[in-house]
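# Survey of secondary and tertiary structure
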Amino acid sequence: MDVVRSIDEIRLMVKAVRDRDSSIGFVPTMGALHEGHMSLMRRARKECGELIVSIFVNLIQFDSGDDLAAYPHQLETDIEIADKEDVDIVFVPSREEIYPEGFCTFVEQGELAERLCGKMRPGHFRGVTTIVTKLFNIIGPDRAYFGQKDYQQSEIIKRLVQDLNMDVNIEVLPVIREKDGLALSSRNSHLNAVERSNARCIYDALLKARSMIEANERGVGEIINEMEKIINLVPNSKIDYVSLVDPDTLDDVSSITGRVVAAVAVWIGSTRLIDNIMLEA
Ligand code: AMP
């Protein structure tokens, strides 16, 4: 496995892969790798000739300096994990490599980026669409793999690729969860033991939405109310949003017909966690 830090070097390696007529699978990450990231790598490994993983904590998608400063770093462990997963190239550029002095071009999406997390995290998705565009331009993958854990992000990226005619297939894979249902996230490491145990309220709330719809409840307000009750029972929890949205437009639904995404963003103490599930009436 090669660990590559410069854009020039990875471009040369990508060219060599192309010369061999091999396909490129790409998994962009911010490091602190866990089973969620590994599930993306495993799928990409099966489907593509060459597997490239990037590790880059994208400063421009952080809306709070504290969150950026606290973001977990474990590069050595990450490289070991990538090696075990049979990754071919790990791309670990520096901030200066990606955002040299004078950098001033951003990719900004309209409506999809204004919904859900977009309302609370100004500039976040502009940071995401900008880095993903840059990484796609640098690597030119055939397929890129994302997690449904960040449902809004994956919808934004699908739309980005479509709107800007990027020649890459976007694959979105299921959420990997802990035994109690908590979605794996690099931010879970910020939770203390009590908060970690309380954080299961997020998945419990999502399951409540599922069971209510299965029991033929069709009232959006009623379902959201029950979900919020479950989360509000937890000390030091604060809801950013509990929403039932259309899977394509991310607009709040007014009635439940067909598919709907239940999406939640909740603070457990000082850690903000997001999760979602797809539901069907
Ligand atoms: P991150 O390093 O948090 O930017 O995540 C990199 C990729 O891993 C994104 O496409 C995420 O959606 C995905 N991911 C993060 N957590 C999970 C999870 N629990 N299950 C599946 N995919 C995940």
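Here the structure is a predicted model, which means the values were calculated and not measured.

Reading the values: the criteria
Residues numbered from 1 in each chain as written. Predicted model: local features only at pLDDT ≥ 70, side-chain atom pairs only at ≥ 80, totals over all residues. Heavy atoms only, no water. Buried < 20%, exposed > 50% of the residue type's maximum accessible area, 1.4 Å probe, protein only. Helix = DSSP H or I, 4+ residues; strand = E, 2+ residues; numbered from the N terminus. Pairing = 2+ DSSP bridges. Right-handed = clockwise from strand over helix to strand, strands pointing away. pLDDT = per-residue confidence, 0-100. Phe/Tyr/Trp six-rings, centres within 6.5 Å; stacked < 30°, edge-to-face > 60°. Lys NZ or Arg CZ within 6 Å of the ring centre and 35° of its normal. Core = buried A, V, L, I, M, F, W, Y, C linked by side-chain atoms within 4.5 Å. Contact = heavy atoms within 4.5 Å. Expected span 1.5 Å × (residues − 1).

The next point concerns the pairing of strand β3 (residues 50-55). Counting buried positions over the 6 residues of β3 gives 6, a clear majority of the element. Of the two faces of β3, the one holding Glu 50, Ile 52 and Ser 54 and the one holding Leu 51, Val 53 and Ile 55 are both buried throughout. The pairing of strand β2 (residues 24-29) with β3 spans 6 bridges and is classified as parallel. Pairing of Pro 28 across the sheet is with Ser 54, part of β3. Crossover β2 to β3 through helix α2 (residues 35-47) is right-handed.

Below, the discussion takes up the confidence of the model for the protein. Residues at a pLDDT of 70 or more form 100% of the protein, whose mean pLDDT is 97. When mean pLDDT is taken per element in the protein, strand β5 (residues 143-147) scores highest with 99 and helix α3 (residues 65-70) scores lowest with 92.

What follows is about the packing of aromatic side chains. The tally for this structure, following the rule as stated, stands at 6 aromatic pairs. Residues Phe 56 and Tyr 99 carry aromatic rings whose centres are separated by 6.0 Å and whose planes lie at 50° to one another, so their mutual orientation is tilted. Here Phe 56, found in the loop between β3 and α3, pairs with Tyr 99, found in the loop between α5 (95-98) and α6 (117-120); they are 43 residues apart in sequence, far enough to count as distant. For the residue pair Phe 56 and Tyr 99, the accessibility class agrees, reading buried in each case. Taken together, a centroid distance of 6.5 Å and an interplanar angle of 70° make the contact between Phe 136 and Phe 146 edge-to-face. Within this pair, whereas Phe 136 is found in helix α7 (residues 124-139), its partner Phe 146 is found in strand β5, the two being separated by 10 residues in sequence. This pair shows no difference in class: Phe 136 is buried, exactly as Phe 146 is. What links up through ring pairs into an aromatic cluster is the set Phe 56, Tyr 99, Phe 103 and Phe 106. Seen from the ring of Phe 106, Arg 126 lies directly overhead, with NZ or CZ sitting 3.8 Å from the centre.

Here the focus is the nonpolar core. Judged by nonpolar contacts, the single largest core of 43 residues is most densely connected at Ile 10, Ile 52, Phe 91, Val 132, Phe 136, Ile 139 and Ile 170. Elements represented by at least two residues in this core include exactly α1 (7-19), β2, β4 (89-91), α7, β5, α8 (151-163), β7 (237-245) and β8 (259-268). Take this core: its biggest share by element is 8 residues, from α7. Those residues within four positions of Val 132 in sequence are excluded, and the remaining contacts are Phe 146, Ile 157 and Leu 160.

The next thing to look at is helix α10 (residues 201-214). The end-to-end C-alpha distance of α10, which contains 14 residues, comes to 20 Å, matching closely the 20 Å that a straight helix rising 1.5 Å per residue would cover. Within the sequence span of α10, burial applies to Cys 201, Ile 202, Tyr 203, Ala 205, Leu 206, Ala 209, Met 212 and Ile 213. Buried positions along α10 lie against α9 (193-198), α11 (220-232), β8 and β9 (271-280). Of the residues flanking the end of α10, it is Asn 216, one or two places downstream, whose phi is positive at about 70°.

Counting through the fold element by element, Lys 84 comes out in helix α4 (residues 75-84). Using a relative accessible area of 71% as the deciding quantity, one classes Lys 84 as exposed.

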